[in-house]
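# Coordinate inspection notes
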Amino acid sequence: MQRHLNVFAACCTLACLGFLAAPALGQADARAYDLSRIMPEKALFYVGWSGTDADVPGGPTALSKLLAEPEMKPLVDKLWPDLVKAVGKLAEEKGDEEAGEAFAHGAALAKLLWKCPVAIGLGEFAMEDDAFRVAAYLVVRAGEKAAGAQKHIEAILKLAEVDEDAIKPVTVSGVELKEFAELGPKLPIRWGVTGDYFIVTIGERATETLLAAIKGEATLAKNARFVAATKAVGGSDGYATQYLDIKEVVTTLKALQPVLAEHKVPVLGDAETFDKILKGTGLGSMDALAIGCRPEAGGFMTRTFLAISGEAAGLAALTDQKPVTEQDFALVPADARWAWIANLNLARGYRDVMVMLDASPELSGPVKEGIAEVEKVIGFRIHDDFLAALGERWIVYDSPSSGGLWVTGITAVVELRDAERVQKSIESLLAAIAEETHGKVPVEVEEEAYRGQKIHFVNVRGVPMPLAPAWSVHGERMIVGLYPQMVRAAIDQIADKRPGIASNPDFARGLKLMPKNAISVSYVDTARGVASLYSISLPIAQVLTAMGQGEGFPVHIGMLPSCGTLTKHLFGNISASARVENGVLWVSHGPLPVGVPDVGQAGFAVPMMAAIALPSLARARELSKRTVSMANLRGIGVACATYANENNYKLPPDLETLIEENAISPKQLISPLETDPSAKSSYVYLAGQTGDDDPANVLAYEKLENYDDEGTNVLFLDYHVEWMKKDAFEKALEETKARIARLKGAPETK
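Residues numbered from 1 in each chain as written. Predicted model: local features only at pLDDT ≥ 70, side-chain atom pairs only at ≥ 80, totals over all residues. Heavy atoms only, no water.

## Focus on a nonpolar patch on the surface
The criterion, for reference: Only residues whose relative accessible area exceeds 30% and that form no salt bridge enter a patch; like-charged residues are grouped when within 9 Å of one another, and nonpolar side chains (Val, Leu, Ile, Met, Phe, Trp, Tyr) when within 5 Å. Note on areas: these come from Shrake-Rupley sampling with a 1.4 Å probe, and a residue is covered only by the protein chains present in the view. Salt bridges are counted wherever a side-chain nitrogen of Lys or Arg sits within 4 Å of a carboxyl oxygen of Asp or Glu. Only DSSP runs of H or I with at least four residues qualify as helices, and only runs of E with at least two residues qualify as strands; both kinds are numbered from the N terminus onward. Any residue under 20% of the maximum accessible area for its type is buried, any over 50% is exposed, and the rest in between are partly exposed; the area is computed with a 1.4 Å probe on protein chains only.
On the surface, V463, M465 and L467 cluster together into a nonpolar patch covering about 220 Å² of accessible area. Inspection of the secondary structure assignment puts M465 in the loop between β15 (453–460) and β16 (470–474). Residue M465 is classed as partly exposed on the basis of its relative accessible area, which comes to 43%.

## Some thoughts on the packing of aromatic side chains
Note the threshold: Only Phe, Tyr and Trp rings are paired, with Trp represented by its six-membered ring, and only when their centres lie within 6.5 Å; those with planes under 30 degrees apart are stacked, over 60 edge-to-face, the remainder tilted.
Under the counting rule described, the total for this entry stands at 9 aromatic pairs. On the numbers, 5.8 Å between centres and 35° between planes, the contact of Y239 with F300 is tilted. Linking Y239 in the loop between α8 (224–231) and β8 (240–244) with F300 in strand β10 (residues 299–308), this pair joins segments that are 61 residues apart in sequence. Y239 sits in the buried class, given a relative accessible area of 14%. A relative accessible area of 5% means that F300 is categorised as buried. Each member of the aromatic cluster is reached from another via a ring pair, and the members are Y46, F226 and Y243.

## Some points on unusual backbone geometry
Positive phi, close to 70°, is recorded for N582, a residue that is not glycine. Take N582: it is sitting in the loop between β19 (573–580) and β20 (583–590). Positive phi values are uncommon outside glycine, yet Y719 reaches one of about 75°. Its location among the elements puts Y719 in the loop between β23 (711–716) and β24 (721–725).

## Considerations on the nonpolar core
Across soluble globular proteins, nonpolar side chains show a tendency to be buried alongside one another. As a reminder of what qualifies: By nonpolar core we mean a set of buried residues, namely Ala, Val, Leu, Ile, Met, Phe, Trp, Tyr and Cys, connected to one another through side-chain atoms within 4.5 Å. Between two residues, a contact is recorded if the distance between any of their heavy atoms is within 4.5 Å.
In terms of nonpolar packing, the biggest core is built from 57 residues, with Y46, V139, I199, V332, I501 and V521 touching the most fellow members. Residues contacting V332, with those up to four places away along its chain left out, are A339, I341, I395, Y397, Q493, P499, G500 and I501. In this structure, W49, W114, A166 and L570 belong to the second largest nonpolar core, which totals 39 residues.

It is worth stressing that arrangement in space is one thing and function is another; only the former is reported here.
See the structure below:
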């Protein structure tokens, strides 16, 4: 199925370019794109995407205004279609028509998924009759294009050389579908079209459940927990909605504990340990998690809500903090590039983590020993002497007036409970560093007076050290910077009562959109951030587009808009968190659907992917064949597990037995990388084991020569498959043979 990984590269590229390719939005009826209305009611996990053709209420955004700029026209109208044509043409020139065809189908499918409403759901995950029972769903509301989605899927399967005899027509609840049941009778994969929807289901009962929900029976939109959680994030009819039923996930894991214990899964397989983890993390008090993104106030509003029953416990209790105040905002310069103001109890967080670790002695022992060793070296106790001496108010920022640039200008203002203990801890740490370097690195602490305050900074003589960490105790606060100049600027901000960030109109605008009584607030000057990234990315983009042209990609530097065009409609991104009724709410609002660092990464990714996609096709084909071979081994593993269940945990004597019993087809024993046309099998099977043996044992593996001894695909006795480097594989194989020999009472063989 995954022979041509360039198909998925196409999907990834389209995801990066999706907002550029988005047309004018159409359907306004939320029922057309809110697919929670046709998703089964009992969903552990749900992701809904409106599609770019949906007219989600909220007015124009900074992004839509940017895309309407004349300079954006080459990217919006031409880039993606031209890239698809270029890939197809180059594949044809290289004589790989199948790769070009697969790319075309994958690109068309990815575009359809991007434009149409899509939902993914996981309904259940359980054990029944010694086999996993799963219900998973994919729904695309494609209307008249639904049949096209099915056509693209089946074309890709055919190009991937999936056995056509393994795909059979089935009728479920009066709907004609296709079924692929090679994963076992409990895990059939079915797909087809019903009305406006293209659907894919995994699981024996999943299809009936989904078809009933499409008819309006027992839908997720009627699930009280889902409704309550998504209401807190603005509803389920935004651009994107995500939902996790934490309470049901915990219940599912508890029900699976006997199986997890049988397979010796750490932590989750032990009921007592699992309960301690629930208490330590606070998961036991959590109901659900919901995330919603929608256009609002000229930008994108993303809300995340963690529903909590009763009082928050464990790490979740860290949100039990006082709200930030105007006095906190006053400590941040008005021209800050970015800032984070929060109340955070690090000492409590440290204690909660230690309690959590205590749930697993095999884990907590080494960790605590490591901490004790570190404390011995640095000369103070991390919790008692340092974290407990810190207060709960934290302010971190960078501003041009401090003289730094994004990272070098970082300044922190931290509330203190015991300034003397903190100072002693710092001095002890510096002494430990000097001792560890055996005096070869002369670390000294200099002291200077500035406006009645003492500033300490680290001075390293004779070594090209680019930083000079500095700090000063100012009343009940400690100011920390990477240089003494940043500390001086912070002292000036406080002493002169200079305008704080609340006087910044951009910050003030965003703050009005945030929840009241916020316990943390963060701000990023998006326009300034994009401008900084632009100056770095422009020469890189020129190099990459030039390389892309050499490979036939229709890209050049002139297609990129000017910096002024990119920043014209941008405003600051602001986020906040607050304790609200029945949970915790995180809210973020900005001009783009992603933050500034992500914008930079995506900006590099688009031309980079365009430049390297074709030269890497050969490697992609090899990796796709490796993936197909892994699928073969997974099928062998499923067949072995079924055989063991029916034969008192005895595994088949050889792989040919599985063929004789029609558990697998002869094709599944041949790797796509097999070079010997007369070979009957590409896999080596370790006979003589049972289903009760060590799950870490190797059960079967692909011949190493298929990968030039780089490594190989390996099937383990717990029936999972993974790629292993040669050295790691040979060690696992040697250990397996040793365990088998001990069980048989025979001498170990290598």
